[in-house]
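Structural features, examined
The lines below spell out each chain.
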Number of protein chains: 2
Amino acid sequence: MEILLNQATFRKKWTLEQFLDATSDRGLHRVSIWRDDVKPTDVAELSQLLNRAKVQLFGYNRVGPIRYKSDADFETSLEDGERQIDIAAQLGADHILFFTGGLEPGSKDLAGFREKVSEAAKHLSAYAQGAGTVLAIEPLHPMLCGDRTCLTSLKQANDLCDNLGDGAAIVIDVHHVWWDPDLSQQIQRSGEADRIVGFHVNDWLVPTTHLLTDRGMMGDGVIELRKVWDEVSATGYSGSIEVEIFSERWWERDPDEVYDICLSRCRSIFS
Amino acid sequence: MEILLNQATFRKKWTLEQFLDATSDRGLHRVSIWRDDVKPTDVAELSQLLNRAKVQLFGYNRVGPIRYKSDADFETSLEDGERQIDIAAQLGADHILFFTGGLEPGSKDLAGFREKVSEAAKHLSAYAQGAGTVLAIEPLHPMLCGDRTCLTSLKQANDLCDNLGDGAAIVIDVHHVWWDPDLSQQIQRSGEADRIVGFHVNDWLVPTTHLLTDRGMMGDGVIELRKVWDEVSATGYSGSIEVEIFSERWWERDPDEVYDICLSRCRSIFS
C-alpha cells in the first residue's frame, strides 16, 4: 500500500519544487498536485522538475469550475477542461479531478446546474479517455453545495458515473462522505463497477470551525479511517492512500514536520 | 397557510414573554419554543403566559441529546426525554423535536451511535403517542454530524420512521436538506407515509461562514423555497410554515423588525 501526499497539504509554506524535493528526499516517488502552480506555458519545465526529482503524478487538480450561464460560457468551460486534461496527460497523471464549482451568481436552479454538470462530465470523461488519462468524479461535502459543488454524495457520483459509461471514475475523500448512512453500500457499488481510482484521507474534527480550512490530521477526528479503508480495499482497490489536509493550523506548521507526521499517522492507521 | 415563528430566531434580544407578547400584538396565535426557557418547575407559569397571550404551541424543542456511554446514561436520557415529552404534552404542543446530539467524547462509532438513537426514538415515539403528543424526527445537515447529530438525511429519517410504526413523524428544515439530490423523492416518501408534521424555513447563504449560526433570511440565499414548499404541500401537508433562523447577524437586529421581515418574506414567497 502506497501513501502519498497532496500538494494542498503544504499550500502556505512550499513551492511545488520544494514539495517535490521533500518527496524525493524521503525516497517517495508519487504526489498529487494542483494546477494553481502549473501554467500551460511551463508544462515542459514541470516535466523536467518531475523527472529530476524522479517523482510521478497520481492526481492532477483539476478540471472546472463548470460555467453555464450562457452556451458560450459552457463551451469555454469544456475547452478549458480539455486543455487541463491535455496537461494532466502530458504530465503522466493517473487521473484528473473534476470540480463542478458552484451555482452561477443569482441562480438557485440546483437541478438545472446538475444537468449541465452531467453533460460536461460526459464530454470531458470521454475526452480524458482519448487523451490517455482518467476524469475522476469526486463528491464533495454537502456544506460546500452551491458555493463550490453540486455533487454532494457518493450515490450521486455513482449515478453520474452510470451515465458516463466506459472510463467513469471516482475519487473518495473521507472528509466529504464519512457522515453518509449509505457510505458502505455506495463504496461497494463503486467497487463493483471498478471505478475507484483514488482514496483521500484526513479527519473530521469535532467541532469543525470552518467549512473549508479546518480539516484534521488522521487520528485527530472522528472518522473511522481504518474501517472505511477496509471497505474500499475490499472492493479490490489497490491504489494509493493520498493525504489531503486543508487546514489553517497545519499550513502554519513546519512542512517537513507535517510531511513526516502524515506518513507516520497513515502507517500506524492503515498498515 | 399559517406562518409562525420559532423562538430561536430571537434568541439574543427577547425573553420568552416578550416573544409571546410580540406574537400576540401581531394577531398571531402560534409559536414554537425551546426548552432552555422552560424549566420543569415553571410549566404552570408558562401555561398561564401562553393563555394570557392567547398563543398555542406548535413545536417544542426538544428531546435529547441521547447519551449512551453506559446503560445508565442511556436510561437517564430516556427518562429525561419522557419528562420533556410530558412538558410538551402539558403545554399542548403539536410535536416535540427529537435531537440526537453528537458522538460520545472519544468515540468514533457512528454506526453504533445510530443504533442507540433508533432504539431511543422507538421508545420515545411510543411514549409521546401515549402522552398525547408526537415525537418529530428532524434530519440535520451533514456538517453537524458527530458534533450535534447522527441523523443526516431525509432518507435516513424515513428509514428510521419505517421502524417506529404508528406515530412516526418528521420535521423538514430546508437548511438541513436542500442540497440532497434525493430530496424530492424523500419528501414524496415522507408524504405518502403521512408523517410530515412541520416545515422549517430560512435560507442557505453563499458563502456560508459558520456551521451553526450563519443561516439566511428567506430569499437571501440559494434554496428554491417555493419549489420545496410546493413538493411538501403536494403530499397533503397542510400544517404551518415555521421560520427558524440561527444567525448572529439577525440576532443583533431589532427583533420587532426581524419578526415583520420574516412574515413579509414568507408571504411573498409562499402565498
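Description of the structure in this document. (Residues numbered from 1 in each chain as written. Chains lettered and ligands numbered in written order. Predicted model: local features only at pLDDT ≥ 70, side-chain atom pairs only at ≥ 80, totals over all residues. Heavy atoms only, no water.)

Overview of the overall build of chain A
- A tally of helices and strands in chain A yields ten helices and eight strands.
- Its C-alpha radius of gyration of 18 Å places chain A within 12% of the 18 Å reference for a compact globule of 271 residues.
- With respect to the principal axes defined by its C-alpha atoms, chain A has extents near 45 × 45 × 35 Å.
- A buried classification covers 59% of the 271 residues belonging to chain A.
- In chain A, of all internal contacts separated by at least 6 residues, the share reaching a separation of at least 24 is 78%.
- Accessible area for chain A stands at about 10500 Å²; split by element, carbon and sulfur atoms hold 46% of it.
- Averaging the positions of the 28 positive and the 44 negative side-chain charges in chain A gives two centres separated by 3 Å. (Helix = DSSP H or I, 4+ residues; strand = E, 2+ residues; numbered from the N terminus. Rg over C-alpha atoms; globule rule 2.2 N^0.38 Å. Buried < 20%, exposed > 50% of the residue type's maximum accessible area, 1.4 Å probe, protein only. Contact = heavy atoms within 4.5 Å. Areas by Shrake-Rupley, 256 points an atom, 1.4 Å probe, with all protein chains shown as cover. Lys, Arg positive; Asp, Glu negative; His and termini not counted. Charge placed at Lys NZ, Arg CZ, Asp CG, Glu CD.)

Notes on the sheet that holds strand β1 (residues 3-6) of chain B
All names here are of chain B.
- Around the barrel, which closes on itself, the eight strands sit in the order β1-β2-β3-β4-β5-β6-β7-β8 with parallel pairing between neighbours. Averaged over all pairs of adjacent strands, the angle between their axes in this sheet comes to 30°, without regard to strand direction.
- Bridge count between β1 and strand β8 (residues 241-243): three bridges; the pairing is parallel. Looking at the pairing, L5 lines up with V243 of β8.
- Contacting β3 (56-63) and β4 (95-98), helix α3 (residues 71-90) runs over the sheet at an angle of about 175° to β3. (Pairing = 2+ DSSP bridges. Axes fitted to C-alpha atoms, helices over the stretch in contact; angles between N-to-C directions.)

Quick notes on the interface of chain B and chain A
- Across the contact, 36 residues belong to chain B and 36 residues belong to chain A.
- When the area that chain B buries against chain A is broken down by residue, the three leading residues are K108, W179 and L211 of chain B, summing to 23%.
- Applying the counting criterion to the chain B and chain A interface returns two salt bridges.
- Our count for the chain B to chain A interface comes out at eight residue pairs in polar contact (both at pLDDT 80 or more).
- Counting residues per element, the side of chain B that touches chain A draws most heavily on helix α4 (residues 110-131) of chain B, at three residues.
- Tallied by class, the residues present in the side of chain B that touches chain A amount to 15 nonpolar, eleven polar and ten charged. (Buried area = accessible area lost by both parts, 1.4 Å probe. Salt bridge = Lys/Arg side-chain N within 4 Å of Asp/Glu carboxyl O. Polar contact = N/O pair within 3.5 Å; in protein donor to acceptor, adjacent residues only side chain to side chain. Nonpolar A, V, L, I, M, F, W, Y, C, P; charged D, E, K, R; others polar.)

A few points about the pattern of salt bridges
- Taken as a whole and assessed by the stated rule, the structure comprises 42 salt bridges over all chains.
- Measuring nitrogen to oxygen at the nearest pair gives 2.9 Å for the salt bridge that ties E2 of chain B to R30 of chain B. Residue E2 of chain B is found in the segment before β1, and its partner R30 of chain B is found in strand β2 (residues 30-34); the two are separated by 28 residues along the sequence.
- Owing to a relative accessible area of 22%, R30 of chain B belongs among the partly exposed residues under this scheme.
- Within this structure, K155, D159, D162, R189 and R195 of chain A together with D182 of chain B form a network of salt bridges that share partners.

Considering the packing of helix α3 (residues 71-90) of chain A against helix α4 (residues 110-131) of chain A
Residue and element names in this part refer to chain A.
- Between α3 and α4, the least distance of the axes is 10 Å, while the angle of their chain directions is 30°. Between α3 and α4, the interaxial angle falls into the category roughly parallel. Regarding α3 and α4, the two cross each other, and that crossing is right-handed. Contacts between α3 and α4 involve F74, L78, G81, E82, I85, D86 and A89 from the first element and K116, E119, A120, H123, L124, Y127, A128 and A131 from the second.
- Considered class by class, the residues forming the contact of α3 with α4 number nine nonpolar, two polar and four charged. (Parallel < 35°, antiparallel > 145°, perpendicular 65-115°, else oblique. Left-handed = near helix turned anticlockwise from the far one by under 90°.)

Topic: the sheet that holds strand β7 (residues 196-201) of chain A
Residue and element names in this part refer to chain A.
- Spatially, β1-β2-β3-β4-β5-β6-β7-β8 is the arrangement adopted by the eight strands of the closed barrel, whose pairing is parallel. On average, adjacent strands in this sheet sit at an angle of 30° to one another, irrespective of strand direction.
- Both strand β5 (residues 135-137) and strand β6 (residues 169-173) contribute to a ladder of two bridges, which runs parallel. If you follow I137 over to β6, its bridge partner there is I170.
- Sitting on the sheet, helix α5 (residues 154-164) touches β5 and β6, and the angle it makes with β6 is about 170°.

Purely geometric numbers; function is a separate question.
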